[in-house]
Amino acid sequence: MSVNILLGLQWGDEGKGKIVDFLAPQYKVVARFQGGPNAGHTLEFDGIKHVLHQIPSGIFRAETKNIIGNGLVLDPIVLKKEIEGLAKYNLDLKSNLFISKKAHVILPAHKLLDAAYEKAKGDKKIGSTLRGIGPTYQDKTGRHGIRMGDLISENFKEKYQEHLKRHARLLEFLEYDCDPSEMEKEFFEAVEYLKQFHFVDSEYMVNEAIHSNESILAEGAQGSLLDIDFGSYPFVTSSHTTVAGACTGLGIAPRHIGDVYGIFKAYCTRVGSGPFPTEQLNEVGEKLGKIGNEFGATTGRPRRCGWLDLPALKYAVMINGVTQLLMMKADVLNEFEEIKVCTHYKLKNGEVTDQLPYDLIEDVAEPVYKVFKGWNKDLEGITSFEDLPSEALDYVAFIEEETQVPITLVSIGPDRKQTIHKSELALN
């Protein structure tokens, strides 16, 4: 059976956690393929809000195997706290949580290096979450990282000390006054705690599931516009957030990819620094943020808000080969008399284009908008596409026409039940 992939098409925070949880009953396996504790996937059901950082969002479904793939970087301290936080729900994580031996480990010094690098950038900082993600991926590509499989090797402490010395020299060079050993006690306690769980060769596990005809959903983190290659560089994350990242982050051959579910908000948000052409630094942006409760699930930072950016969305659809679009938080637009969509960019040289330019900061002068009449109606209680207001259907139809991809799901609230979907959104 093919592997279906679910990923964000904007700058993250699109609502992936809710959709993975919603779709999970259709899948035997849910696997995360990149990112780390900088991700915050929010799920809400039975009146309770849950935020997952490193654990796949299928964890609340007892019959689903949840795999943390080799493409992730894991913080043992955060993972331990995350697992302990789930204890009250009586989940059998020793049976349905599997951790790739090839996933890299975030060491205490990585977080300090993250802060040191950010401080050194001064007013050009990128808005890092300071979770140690970037420095860990740097060590990975530099070919001297520590992987989860090393935690259970006899010479782990020796490897750790080698890394500590190297990191200490880097911190000294960056003139960052700190003591990397301060977090060591908590780190080593977390390492011992995690040894009770399954450390696996996840690439074999995933491919065995494929050949056994088990249904698999690959879950991405962040969003396509934060991809290290195709995002708004250098204001990006350190991993591949696109479909290609599922192949390298899980060991899946491209021929095994089935549907690609692309998630986007009915408007746009962004956390941290970086270009955001449709950002609304006015009452509209404040209203979107207030109604949408736009605060980072991991950092708590307020998200910047703006109108839907169609050139960016079409770009993300293109590079991911999206087959189905899932529109989130449509209910946030309930109270707007008019809704704008950016259809083109006017560049600084006067050219008007619907393509994403090389540099969103240097090249884009202003967005060009199309204005829609708002539906100005509460969507609560609506359970079918046909019952959506005509204005909402017009909005959906316009996006479908522009992207040439069907919207098969519309979310009208944070709860599992507040989800409208077409019959096409079924397991293929």
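The following refers to the structure shown. From a predicted model like this one, the values you see are computed outputs, not experimental measurements.

Some points on the overall build of the protein chain
And step 1. When its secondary structure is counted, the protein chain shows 13 helices and 20 strands.
And step 2. Against the compact-globule benchmark of 22 Å for 428 residues, the protein chain has a radius of gyration of 21 Å, which places it among compact chains.
And step 3. C-alpha atoms of the protein chain, sized along the principal axes, occupy 65 × 50 × 40 Å.
And step 4. The buried share among the 428 residues of the protein chain stands at 57%.
And step 5. Sequence-distant contacts in the protein chain: of pairs separated by 6 or more residues, those separated by 24 or more amount to 76%.
And step 6. In the protein chain, 48 positive and 61 negative side-chain charges are present, and the distance between their average locations comes to 3 Å.

A word on helix 6 (residues 156–173)
And step 1. Spanning 18 residues, helix 6 covers 26 Å between terminal C-alpha atoms, matching the ideal 26 Å at 1.5 Å per step.
And step 2. Within helix 6, burial applies to Phe-156, Tyr-160, His-163, Leu-164, Arg-166, His-167 and Leu-171.
And step 3. Positive backbone phi, approximately 55°, marks Glu-175, located one or two places after helix 6.

Observations regarding the packing of aromatic side chains
And step 1. A complete count under the given rule lists 12 aromatic pairs for this structure.
And step 2. Ring centres 5.3 Å apart and planes at 75° place the aromatic pair Phe-187 and Phe-188 in the edge-to-face group.
And step 3. On the basis of relative accessibility, which here comes to 18%, the residue Phe-188 falls in the buried class.
And step 4. One aromatic cluster in this structure is built from Phe-156, Tyr-160, Phe-187 and Phe-188.

Comments concerning the side chain of Asp-259
And step 1. Inspection of the secondary structure puts Asp-259 in strand 11 (residues 257–265).
And step 2. The buried charged residue Asp-259 lacks any salt bridge partner; its closest oppositely charged side chain belongs to Lys-422, at an N-O distance of 14 Å.
And step 3. Within the local environment of Asp-259, its side chain forms a polar contact with the side chain of Gln-324, the two groups lying 3.3 Å apart.

Some words on the environment of Pro-367
And step 1. Mapped onto the elements, Pro-367 comes out in strand 18 (residues 364–373).
And step 2. Residue class for Pro-367 comes out buried when judged on its relative accessible area of 18%.
And step 3. Every residue in contact with Pro-367, bar those within four places of it in the chain, is listed here: Pro-277, Thr-278, Cys-342 and His-344.

Considering the packing of helix 4 (residues 108–120) against helix 5 (residues 133–141)
And step 1. Direction vectors running N to C along helix 4 and helix 5 enclose 110°, while the axes themselves pass 7 Å from each other. With respect to helix 5, the axis of helix 4 lies roughly perpendicular. Facing helix 4, whose interface residues are His-110, Leu-113, Asp-114 and Tyr-117, helix 5 presents Ile-133, Pro-135, Thr-136, Gln-138 and Asp-139.
And step 2. Tallied by class, residues from the contact of helix 4 with helix 5 come to four nonpolar, three polar and two charged.

Reading the values: rules and limits
Here the residue numbering is sequential within each chain, running from 1 through the sequence in written order. Where local features are concerned, this predicted model is filtered to residues with pLDDT of at least 70; where side-chain atom pairs are given and counted, the filter is 80 or more; whole-chain, interface and lining totals use all residues. Based on all heavy atoms of the structure, the side-chain values leave hydrogens and waters out of the count. Numbering of helices and strands runs from the N terminus; a helix is a DSSP stretch of H or I covering at least four residues, while a strand is a stretch of E covering at least two. What the globule rule says is 2.2 Å times the number of residues to the power 0.38, and the radius of gyration is computed from C-alpha atoms. Any residue under 20% of the maximum accessible area for its type is buried, any over 50% is exposed, and the rest in between are partly exposed; the area is computed with a 1.4 Å probe on protein chains only. Note on definitions: a residue-residue contact is assigned when non-hydrogen atoms from the two residues lie within 4.5 Å. A positive count includes Lys and Arg, and a negative count includes Asp and Glu. His and the chain ends are not counted in either. By convention, the point assigned to a charge is CZ for Arg, NZ for Lys, CD for Glu and CG for Asp. To estimate how far a helix should extend, the number of its residues minus one is multiplied by 1.5 Å. Pairs were defined over the aromatic rings of Phe, Tyr and Trp, the Trp ring being its six-membered one, requiring ring centres within 6.5 Å. Orientation was assigned from the angle between planes: stacked under 30 degrees, edge-to-face over 60, tilted for the rest. For this analysis, a salt bridge means a side-chain nitrogen from Lys or Arg found within 4 Å of a carboxyl oxygen belonging to Asp or Glu. Polar contacts, as used here, are pairs of N or O atoms within 3.5 Å; protein pairs need one atom able to donate a hydrogen and one able to accept it. Residues neighboring in sequence count only if both atoms are side-chain atoms. Note on geometry: axes are lines fitted to C-alpha atoms, helical ones only across the stretch in contact, with angles between N-to-C directions running from 0 to 180 degrees. Roughly parallel refers to an angle under 35 degrees, roughly antiparallel to one over 145, roughly perpendicular to one between 65 and 115, and oblique to any angle outside these ranges. Polar here means any residue outside two lists: the nonpolar Ala, Val, Leu, Ile, Met, Phe, Trp, Tyr, Cys and Pro, and the charged Asp, Glu, Lys and Arg; Gly therefore counts as polar.

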